[in-house]
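# Coordinate analysis (summary)
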Amino acid sequence: MGDCVMLRGVRFFGRHGVNRRERRTGQWYSVDIDLRLDLTRAGETDDLKQTVDYAEICKLIAKTGTRRRFRLMEALAHQIAQEIFKAHPSVENARVRVVKTPPGELVAELSRAGTLEYAAVEIVRDNELNAETLDKEK
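Residues numbered from 1 in each chain as written. Predicted model: local features only at pLDDT ≥ 70, side-chain atom pairs only at ≥ 80, totals over all residues. Heavy atoms only, no water.

### Here's the deal with the nonpolar core
This is how the line gets drawn: Residues enter a nonpolar core if they are buried and are Ala, Val, Leu, Ile, Met, Phe, Trp, Tyr or Cys, with the set joined through side-chain atoms within 4.5 Å. The buried label goes to any residue with under 20% of its type's maximum accessible area, the exposed label to any with over 50%, and the partly exposed label to all in between, with areas taken from a 1.4 Å probe on protein chains only. Starting at the N terminus, helices and strands are each numbered in turn, a helix being any DSSP run of H or I of at least four residues and a strand any DSSP run of E of at least two. Pairs of residues are marked as contacts when any of their non-hydrogen atoms sit within 4.5 Å.
By size, the foremost hydrophobic cluster in this structure holds 27 residues, and its most contacted members are Leu35, Ile61, Ile80, Ile84, Val96 and Val98. For this core, the secondary-structure elements that each account for two or more residues are β1 (4–14), β2 (27–36), α3 (54–67), α4 (73–87), β3 (93–100) and β4 (119–126). Setting aside residues no more than four positions away along its own chain, isoleucine 84 makes contact with Ile33, Leu35, Ile57, Leu60, Ile61 and Val91.

### Brief notes about the pairing of β3
If a strand is regular, its side chains alternate between the two faces of the sheet. Heads up, the rule is: At least two bridges found by DSSP between two strands are what make those strands a pair.
With 6 of its 8 residues buried, β3 lies for the most part within the structure. Of the strand pairs in this sheet, β2 and β3 are connected by 8 bridges, and their pairing is antiparallel. Paired with leucine 35 across the two strands is alanine 94, which belongs to β3. In this sheet, β4 lies alongside β3 in antiparallel orientation, the contact comprising 8 bridges. The residue bridging arginine 97 from the neighbouring strand is glutamate 122, located in β4.

### Let's talk about the packing of aromatic side chains
Under the convention used in this document: A pair of Phe, Tyr and Trp rings is counted when the ring centres sit within 6.5 Å of each other, with Trp represented by its six-membered ring. The angle between the planes then sorts it: under 30 degrees is stacked, over 60 is edge-to-face, the rest tilted.
The final tally for this structure, using the stated rule, is 2 aromatic pairs. Ring centres of phenylalanine 12 and tyrosine 29 lie 5.6 Å apart, and the angle between their planes is 10°; on these two criteria the pair is classed as stacked. Taken together, the residues span a long stretch of sequence, with phenylalanine 12 in strand β1 and tyrosine 29 in strand β2 at a distance of 17 residues. Considered together, phenylalanine 12 and tyrosine 29 belong to a single accessibility category, that of buried residues. Taking the centre distance of 5.6 Å and the plane angle of 75° together, the rings of phenylalanine 13 and tryptophan 28 count as edge-to-face. Here tryptophan 28 lies in strand β2 and phenylalanine 13 lies in strand β1, a separation of 15 residues in the sequence. For phenylalanine 13, a relative accessible area of 32% translates into the label partly exposed. Overall, tryptophan 28 belongs to the partly exposed group, its relative accessible area being 40%.

What follows is the structure, given as structure tokens:
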């Protein structure tokens, strides 16, 4: 499947991290996402219902990133993919990249030895719900 809806730089302020200070201070996160789904009907009909509404996806990403706390960016990225699959069963696959700016304290600690622009994780998940639906239709 070559069809893809891509969103870049969905930003929100979150309080995630392993250490307490990082969770208390919080930092900015940015999410890039690629959603694989068949866009043939959307192209043929020019109908938003035949694709995913990117404004809705942006809101879902921000909501996922702000309503609960995660220790790891990996867990945050995984949860974003799962929420999208629940809301949009037609999405077959998601690539989620979560980027966080380092907290000021870490930048200050590193300033003598080096710098850190950002930390990021990228995951790829298949929509198991989509696969089950396709199997039932056969």
